[in-house]
Every structure is written in C-alpha cells, then in structure tokens.
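Overview (structure and organization)
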Amino acid sequence: MLKKENFEVNWQMILAIFSLSLLLLFSPLFRAEAERDFTDMMGREITVPDNVERVVTTYKSATQFVLALDAGDKLVGVSVKTDKQPLFINIQPELADLPQVGSKRNGINLETTMSVNPDLVILYPHRDALETAEKLKEQGVTAIIINPESLDQIRKTTELLGKVLNKEEKAKEVMAAYDKIDSLTKKTAELSESKKKKIYFANSEFTDSVGAEMMQTALIENAGGINPAAELKSGFLTVSAENILEWNPELVIVSQYFNGDLEELAQENKYQNVSAFKNNELYRVPSKLEPWDFPSPSAFIAQLWLAKKAYPAKYQDIDYQKQVNNFYQTLYGKTFTELGGAF
C-alpha cells in the first residue's frame, strides 16, 4: 500500500517537473509572440508590443501619419499646438484635449510623456532625438524615430508605421493613393530634359531655397520640372539674386510659410527680366487646411497641383478638385472639402 502511494506521489512530482520544463522551454516563444522587432529610420533596433495601443506623437508630421493610417484612436499624447491644427481637429476633435508633450524645436517633456503611460513614442529625426529615445528606453518605453524628409522616405514611413501600428492594410491603401498621383503626373515627369520647365522654389524668404535630395525638389521633378538650385548642393540653402537671374525660371513657387506678399514680389524691379515674372507665373503652394510643402502624407497631392500649374494644357482632362477630395478620403476618411479645405 505504501509503495502504491509513493508511486502516485512520485508520478505527480514527475508530471509537475515535466510541465514546468515545457513552460520554461516554450516561454521564449510566447514572449516573442507578444513583442516584435523593427529597425527605425535612424537604424536603431527597437522592440514594440505586439499590440501598440497607447501612442505619443512629438511633432506634427508624426500625428499626420498616425491619422492617415486610421490609428488616431491610439493617441494619448501629442505635440504642442495640435489643438490649433485645422486638419487634426476636423478629423478627430478630441485631440484638442490630449496632453501636449512638447515639440521638435523645443524638445519633449519626459514627465508629461510618461504620465500617459505610452506603449510607443514617435520622435523626430533631429536635435536630441537619440538622447530622448535612450531616456525613454531607461523608463521602459520604446521610441521610434521616423524621417519623412523626402517623398521616398514618406513612403517608407507609411510602410514602417503601418507595420508597427498593425495597420498594414490601411498603409497599402495610402501607398496606392501615392501611386495614383504618380500615375497622373507621369505624362510630364517623363518629358525630355529639353522640354521640362525650370521651377524655382522659395521657402520663408525669396532667396531661401532647397537643393538636391529634398522633398520639394522631388515634387518639382515628379511634376516634370527642373529645380535649378539642385545643381548647387543638397539640403536647405540660400541663393543670390544673381543665381535666380541666371537660372531664369519659368515658374516660381513659394512655400505656404513664405513671409512675403506675392503681389509685391512680382513688382520687384531686379527680377522683371525673369520669365516667371514676365509671364506672372508666381504661385504660393495652396491649401489653408495644412501646408502641402511639408514632409507629411499629404505632400503628394502638391505634386499634381504643381504639374497642373506648370503644364495646364496637359492636364485639362483632370478634375483637380475631385482628385484632391479622393486623396483625402483615402487618407483621412473625409474629403478635402468636408474637412474645410480650400485653395
């Protein structure tokens, strides 16, 4: 009788040990299923929860990508002045009430950021981003750095965040909207070099421009134009009046952030021999809903606007308002008009 009881006890112990061994053996697999690894756009290896539910965006572009991916319900903290952005508030009014954690220019408030218990913080690629990411990591929070500074990088950002936020199908829809714009402007993008128009782009001041490897340059080239400033160097740059006179651009495009008045600019005596001034081909990037000459998902729609301005005869069959409305409907679930957009 004692032998039988001892056998039953021993068997129970063996079963318990076996079960514990299995648990220890397979627990790494269970943990792997609960987390996923990615490489962010600064080359950092990061690990995110399988289900990212609480997201903090630290600058405007990050919020735009989250909204375009239909993940706005995950936002628990945003950058400063989010409540002043018509696009954001018209898409998701409750964003105005979320804690504002900081900005790309002035950095973020770590205490405020941690107070909303985020799963993920989306950071800018400049200034103290790497240092901030490390501080967040020490607090047990993953930070991902995005870098949507060109049209190609906007695509990569969309794809990466689509995976991270479990919004891959939505990301495919957004990418298809980008592709649609590319297909519409293909007719001028493929013009021979001799037939392409020179297009000069000005930032906040008329002699502040952009060179090679910049989003605005890609917009010009995809629309079928040539950015003459790209021959100087890459990045943001300051040019001279002599440069502009020598280039003799056929179109002048100024940023939404241009500080001057276009009518006054058009009257400046020193530029009157420039083709764009002679033919009154000076334009400000449109849309008061949000700036299109800014690294965000909406930047692509500026490509079609620019192509139509540069080559109106080639785009007479394009219903531009309809294309803009369709683009916004795909990205944000509402048309440009419904969101209060106007040119």
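Keep in mind it's a predicted model, so treat the numbers as computed, not measured.

Turning to its location among the elements, Leu98 is positioned in the loop between α3 (86–91) and β5 (102–103). Placed 161 residues apart in sequence, Leu98 and Asn259 show a C-alpha to C-alpha distance of 31 Å. Not counting the four nearest positions on each side in its chain, Leu98 is found in contact with Leu75, Val76, Gly77 and Val78.

Further remarks concern the sheet that holds strand β9 (residues 197–202). Spatially, β11-β9-β13-β14 is the arrangement adopted by the four strands of the open sheet, whose pairing is parallel. At either margin of the open sheet sits one strand with a lone partner, and together these are β11 (225–226) and β14 (282–284). Relative to strand β13 (residues 251–254), β9 runs parallel, the two sharing four bridges. Following the sheet pairing, Ala202 is matched in β13 by Val254. Against the sheet, helix α13 (residues 299–310) makes contact with β9, β13 and β14, and its axis sits at roughly 150° relative to β13, the strand it touches most.

This next bit is on the side chain of Thr185. In this fold, Thr185 is placed in the loop between α7 (168–184) and α8 (186–189). You can call Thr185 buried: its relative accessible area is 1%. Those residues in contact with Thr185 that sit more than four places away from it in its chain are Asn222, Gln303, Leu304, Ala307 and Tyr315.

At their nearest, the axes of helix α6 (residues 151–164) and α13 sit 10 Å apart, and the two run at 145° to each other. Only Ala299, Phe300 and Gln303 of α13 make contact with α6, whose side of the interface consists of Leu151, Ile154 and Arg155. Class assignment for the residues of the contact of α6 with α13 results in four nonpolar, one polar and one charged.

This part is about helix α14 (residues 320–332). With 13 residues, α14 extends 18 Å between its outermost C-alpha atoms, agreeing within 8% with the 18 Å of an ideal straight helix rising 1.5 Å per residue. Listed as buried for α14 are Tyr320, Gln323, Val324, Asn325, Phe327, Tyr328, Leu331 and Tyr332. On its buried side, α14 packs onto α2 (60–68), α3, α7 and α13.

Conventions adopted
Residues numbered from 1 in each chain as written. Predicted model: local features only at pLDDT ≥ 70, side-chain atom pairs only at ≥ 80, totals over all residues. Heavy atoms only, no water. Helix = DSSP H or I, 4+ residues; strand = E, 2+ residues; numbered from the N terminus. Contact = heavy atoms within 4.5 Å. Pairing = 2+ DSSP bridges. Axes fitted to C-alpha atoms, helices over the stretch in contact; angles between N-to-C directions. Buried < 20%, exposed > 50% of the residue type's maximum accessible area, 1.4 Å probe, protein only. Nonpolar A, V, L, I, M, F, W, Y, C, P; charged D, E, K, R; others polar. Expected span 1.5 Å × (residues − 1).

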